[in-house]
Amino acid sequence: MRTLRARLTPYALVLPGGLWLAIFFVIPTLVMLSLSLQSGNVVDGFAFTWNWHSYVDGITTYHNQIVRSLLYGLSATIIQIVIGFPVAYWIAFKGGSRKSVYLFLVLLPFLVSFVLRTISWQFLLSDNGILLGPLKSLGVLPQDFHILATPYAVIGGLSYNFLPFMILPMYVALERIDPRLLEAAQDLYASKVQTFLRVVLPLSLPGVFAGVLMTFVPASSDYVNSSVLGGTNTTMIGNVIQNQFLVNQDYPVASALSFTLMALLLVGIFVYARALGTEDVLEVAAR
Amino acid sequence: MTEIQAGTGVAETAAPGSQQVPAIELDNVVKEYTSHGEVVRAVKGVSLSIAEGEFFSLLGPSGCGKTTSMRMIAGFEDPTQGVVRLHGQDVTSVPPNKRDVNMVFQSYALFPHMSVWENVAFGLKRKNVDAAEIKRRVGEILEVVDLTGREKRRPREMSGGQQQRVALARALVNRPRALLLDEPLGALDLKLRQAMQIELKRIQRDVGITFVYVTHDQGEALTMSDRIAVMNDGLVDQLADPREIYERPATKFVAGFIGTSNLLSGVVQEVTGSTAVLALGPSDRVVISTETPVAVGDSVELTVRPEKITIATEQPAGDRSVVRGTVSEVVYLGTSNNYAVVLADGAEITVFQQNAHDSTITAERGDTVWLSWQPQHSYVLR
């Protein structure tokens, strides 16, 4: 009896989370997959017809937005690595006893809703707002200068909004590095730069990898930043999907686009993992 | 076994009696930290001179300043005062990567993302040694530490003893002028530790490099060292060879820290020539040498090693030092019997009696016994 219970316990533990995911992720995903292959309209109803046209139509019509989304996501991710790594490094190695305070500060923006943070960016970047207004009246910037509705605003917003997701995993990886490894490298004639390149960087790559996953995926499929900070030329695939679902109510095309994006991201992640991922990346870096 | 020739300077070691510059010198070195606004003096003025090719130990309890002293030699700590010299050159402000010494860290600090080979080759690569030479030297040193064939392993795939040997190889392959070892055997179990002690000593003889060994394990220090500096509270209490440290501890601290020792105190009763007699209890008579001058009426502390003491149930004759006490504990240890004897003044004395001839227990718990030893085995403590 006891052994049976002992054997069942792990399953019992995984059950609530498993059910949750099954109900709220797997089932809707399957429903969407089916929707993407249906034809019809909201008024007459939809029927399953193996209609691949939604994919073909979606991709031919919106390939610009798809490419743009991936590019914006990539740009934001790179900016976040550049901004986030030094922060994570500094907290991990120089944070001392105040590490948790600094981490809390990194997380502080999360206490404000995502949409509200983005709207505050709109306020900051508006054509005659707090930032641009004074610069324009001082003559530093021309009167018709604007940031809103440009890719810079959208990428800036994406970089800002997902930055903590980049910093946290990098911090965790850096924090786990035994400081004695740095001393050992120095003892073995490595300069500060060599110590960083040969020891710190390779050991932090798993964190960078996790950070990239956690920021590139949501940034590429985001629609809030583009709709709040962007214009007609910065429309991302997220905006298209949202529009197709909620405005045009063309569920098959919306679903097909969602699946296309998902597939692209999965392939991208897979390639990235193979190229940089787990042990291989470390081995490459050690050479 | 491959013969490793250490870097420049080591060749001269062979010439005995030649006037040599010490491999490592600490000249009145002080290290102060500020911790929570308070100045802590970890090292309070240590001067050491370690000879080329010597196996030198820094021994002491945790917090005595031994690790800090070593880290100042390696360059990880800047001395607050004083000078660190390597082969006569002042390196006090030279960073660790420019010092020709290598360290074996307490927890090995092997690079987890590199194979054994890459770990060992790390230092040579940083020194831009050419690839063929790196290959040859790494191969050689892996043979010395008996790890040939495991070049591709990751540190975490190896046992503690193997990791230890990788750490040793990683340092030795650079042929440093001195090797610094910070409690390198602390993480190993007893059997492996004892095997590695012998192994380390063998490697040190093979490569002829100066070893500076930090440990809190007095047995380890006594077994391996040519000389030992016993440190206590930021100062060197005694610097001598193991025999001297054990047989003639200079301070109460050294006596207590090294081996088991018995502390006795008494008042000088009479001084005759080179000896003095102490009064302890009514039927006690302890003879000490007057190497350290004493006068009648002085209060003196002395130490006697447990194995120097003979236990008897009758009062022994002759000029031996004698004290009387009551057996409070008898422990049979196989190779010896271990007695705890309480003296009239309450002091507890430990006595080891070898099972040389037969294992008869001389005395039982509660017996009154006489403990005696040769006068030269009493050491007066400063």
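Everything numeric here is computed off the predicted structure, so don't read it as measured data.

Undergrad: Help me understand the UniProt feature "domain: ABC transporter" (unreviewed entry) in chain B in this model?
TA: Those places that UniProt annotates as "domain: ABC transporter" (unreviewed entry) correspond, in this numbering, to residues 24-258 of chain B. Helix and strand shares over residues 24-258 of chain B are 36% and 28% respectively, and the end C-alpha atoms of the span are 25 Å apart.

Undergrad: Would you mind showing me how to read the UniProt feature "domain: ABC transmembrane type-1" (unreviewed entry) in chain A here?
TA: The sites that carry the UniProt feature "domain: ABC transmembrane type-1" (unreviewed entry) are, in the present numbering, residues 66-272 of chain A. Structurally, residues 66-272 of chain A comprises 77% helix and 0% strand, and the distance from its first C-alpha atom to its last is 19 Å.

Undergrad: Where do I start with the sheet that holds strand β5 (residues 89-90) of chain B in this structure?
TA: One key point about sheets: their strands pair by backbone hydrogen bonds, in either a parallel or an antiparallel sense. Residues and elements named next belong to chain B. In space, the four strands of this open sheet follow the order β2-β1-β4-β5, with antiparallel pairing throughout. Strand pairing shows two members of the sheet lacking a second neighbour, β2 (38-50) and β5, which therefore form its edges. The pairing of strand β1 (residues 24-35) with β2 spans ten bridges and is antiparallel. Its bridge partner lying in β2, Glu25 is registered against Ser49. Each of β1, β2 and β4 (81-86) is contacted by helix α1 (residues 66-74), which is oriented at about 115 degrees to β1, the strand it contacts most.

Undergrad: When you look at the domain arrangement of chain B in this model, what are you seeing that I'm missing?
TA: It is common to give the size of an interface as the accessible area that goes away when the parts come together. Residue and element names in this part refer to chain B. Entries for chain B in the domain assignment read domain 1 (10-100 + 176-255) and domain 2 (260-380). Inter-centroid distance (C-alpha atoms) of domain 1 to domain 2 is 34 Å. Contacts between the two partners involve seven residues from domain 1 and, on the opposite side, nine residues from domain 2. Linking domain 1 with domain 2 are two salt bridges. Glu247 is the partner of Lys308 in a salt bridge, and the nearest nitrogen-oxygen pair spans 3.2 Å. For the pair domain 1 and domain 2, the number of links is five residue pairs in polar contact (both at pLDDT 80 or more). Sorting the residues of the side of domain 1 that touches domain 2 by element identifies α7 (242-247) and α8 (252-257) as the ones contributing at least two each. In terms of residue class, the side of domain 1 that touches domain 2 is built from four nonpolar, no polar and three charged.

Undergrad: What's the story with unusual backbone geometry in this structure? I'm lost.
TA: With glycine set apart, most residues show a phi of negative sign, and most peptide bonds adopt trans. Even without a glycine there, the phi angle at Tyr189 of chain A is positive, about 70 degrees. Looking at the secondary structure, you find Tyr189 of chain A in the loop between α7 (179-187) and α8 (192-220). One non-glycine residue, Asn128 of chain B, lies in the positive phi region at around 55 degrees. With respect to the element layout, Asn128 of chain B can be found in the loop between α2 (116-126) and α3 (131-144). Taking relative accessible area as the criterion, Asn128 of chain B reaches 68% and is therefore assigned exposed.

Undergrad: Any chance you could explain the confidence of the model for chain A here in plain terms?
TA: Parts of the model with low pLDDT should not have their predicted coordinates read in detail. Model confidence for chain A is summarised by a mean pLDDT of 89, while 95% of its residues fall at 70 or above. In this model, residues 280-287 of chain A is a region of pLDDT below 50 whose contacts with residues beyond four sequence positions or in other chains number 14 contacts.

Undergrad: What is the right way to read the interface of chain A and chain B from this model?
TA: Each partner contributes residues to the interface: chain A has 22 residues there, and chain B has 26 residues. At the boundary of chain A with chain B, total buried surface from both sides reaches about 2300 Å², with 57% on carbon and sulfur atoms. Of all residues in chain A, the largest losses of buried area upon contact with chain B belong to Asp187, Leu188 and Tyr189 of chain A, amounting jointly to 34% of the total for that side. The tally of links from chain A across to chain B stands at one salt bridge. Glu183 of chain A is the partner of Arg71 of chain B in a salt bridge, and the nearest nitrogen-oxygen pair spans 2.6 Å. Linking chain A to chain B there are eight residue pairs in polar contact (both at pLDDT 80 or more). If you list the elements that add at least two residues to the side of chain A that touches chain B, you get α7, α8 and α12 (279-286) of chain A. Tallying contributions element by element places α7 of chain A first for the side of chain A that touches chain B, with seven residues. Taken together, the residues of the side of chain A that touches chain B break down into eleven nonpolar, three polar and eight charged.

Undergrad: Explain the pattern of salt bridges to me, please; I cannot follow it from the model alone.
TA: When charged atoms on two side chains of opposite charge get close, those side chains can pair. All names here are of chain A. The tally for this structure, following the rule as stated, stands at 22 salt bridges over all chains. Notably, a salt bridge pairs Arg180 with Asp178, separated by 3.4 Å at the nearest N-O pair. By relative accessible area, which is 33% here, Arg180 ends up partly exposed. With a relative accessible area of 25%, Asp178 lands in the partly exposed category.

Undergrad: What should I look at first to understand the sheet that holds strand β19 (residues 368-373) of chain B in this one?
TA: Residues and elements named next belong to chain B. Pairing is antiparallel in the open sheet, where five strands are placed in the order β15-β19-β16-β17-β18. Among the strands making up the open sheet, the edge pair consists of β15 (310-312) and β18 (348-354). Within this sheet the neighbouring strands show an average axis-to-axis angle of 45 degrees, counted without direction. Where strand β16 (residues 321-332) lies against strand β17 (residues 336-343), seven bridges are found, and the strand directions are antiparallel.

Undergrad: Explain helix α4 (residues 160-172) of chain B to me, please; I cannot follow it from the model alone.
TA: Residues and elements named next belong to chain B. If you check α4, its first and last C-alpha atoms are 18 Å apart, about what 13 residues at 1.5 Å a residue would give, namely 18 Å. The element α4 is extensively covered by neighbouring structure, given that twelve of its 13 residues are classed as buried. For α4, the set of buried residues is Gly161, Gln162, Gln163, Gln164, Arg165, Val166, Ala167, Leu168, Ala169, Arg170, Ala171 and Leu172.

Undergrad: Help me understand the packing of aromatic side chains, please; the structure alone is not making it clear to me.
TA: Each aromatic ring pair is specified by the distance between its two centres and by the angle formed by the two planes. Tallied over the entire structure, the rule returns 20 aromatic pairs over all chains. Where Trp20 of chain A meets Phe24 of chain A, the ring centres are 4.9 Å apart and the plane angle is 50 degrees; that geometry is what we call tilted. You can see Trp20 of chain A and its partner Phe24 of chain A sitting in helix α1 (residues 2-36), four residues apart, about one turn around the helix. Both residues of the pair, Trp20 of chain A and Phe24 of chain A, count as exposed. Between Phe76 of chain B and Phe105 of chain B, the ring centres sit 6.0 Å apart and the planes meet at 50 degrees, which makes this aromatic pair tilted. Of the two residues, Phe76 of chain B is situated in the loop between α1 and β4 and Phe105 of chain B in the loop between β6 (101-104) and α2; the sequence distance between them amounts to 29 residues. One exposure class covers both Phe76 of chain B and Phe105 of chain B, and it is buried.

Undergrad: So what exactly am I meant to see when it comes to the pairing of strand β12 (residues 275-279) of chain B here?
TA: Where a strand is regular, its side chains alternate between the two sheet faces. All names here are of chain B. Where strand β11 (residues 262-272) meets β12, five bridges bridge the pair, whose relative direction is antiparallel. Looking across to β12, one finds that Thr272 is bridged to Thr275. One ladder, built from four bridges, connects β12 with strand β13 (residues 286-289); its direction is antiparallel. In the sheet register, Thr275 faces β13, and the bridge partner there is Ser289.

Criteria and thresholds
- Residues numbered from 1 in each chain as written.
- Chains lettered and ligands numbered in written order.
- Predicted model: local features only at pLDDT ≥ 70, side-chain atom pairs only at ≥ 80, totals over all residues.
- Heavy atoms only, no water.
- UniProt positions renumbered as here; feature names shortened; annotations may be inferred.
- Helix = DSSP H or I, 4+ residues; strand = E, 2+ residues; numbered from the N terminus.
- Pairing = 2+ DSSP bridges.
- Contact = heavy atoms within 4.5 Å.
- Axes fitted to C-alpha atoms, helices over the stretch in contact; angles between N-to-C directions.
- Domains from an automatic or database assignment.
- Salt bridge = Lys/Arg side-chain N within 4 Å of Asp/Glu carboxyl O.
- Polar contact = N/O pair within 3.5 Å; in protein donor to acceptor, adjacent residues only side chain to side chain.
- Nonpolar A, V, L, I, M, F, W, Y, C, P; charged D, E, K, R; others polar.
- Buried < 20%, exposed > 50% of the residue type's maximum accessible area, 1.4 Å probe, protein only.
- pLDDT = per-residue confidence, 0-100.
- Buried area = accessible area lost by both parts, 1.4 Å probe.
- Expected span 1.5 Å × (residues − 1).
- Phe/Tyr/Trp six-rings, centres within 6.5 Å; stacked < 30°, edge-to-face > 60°.

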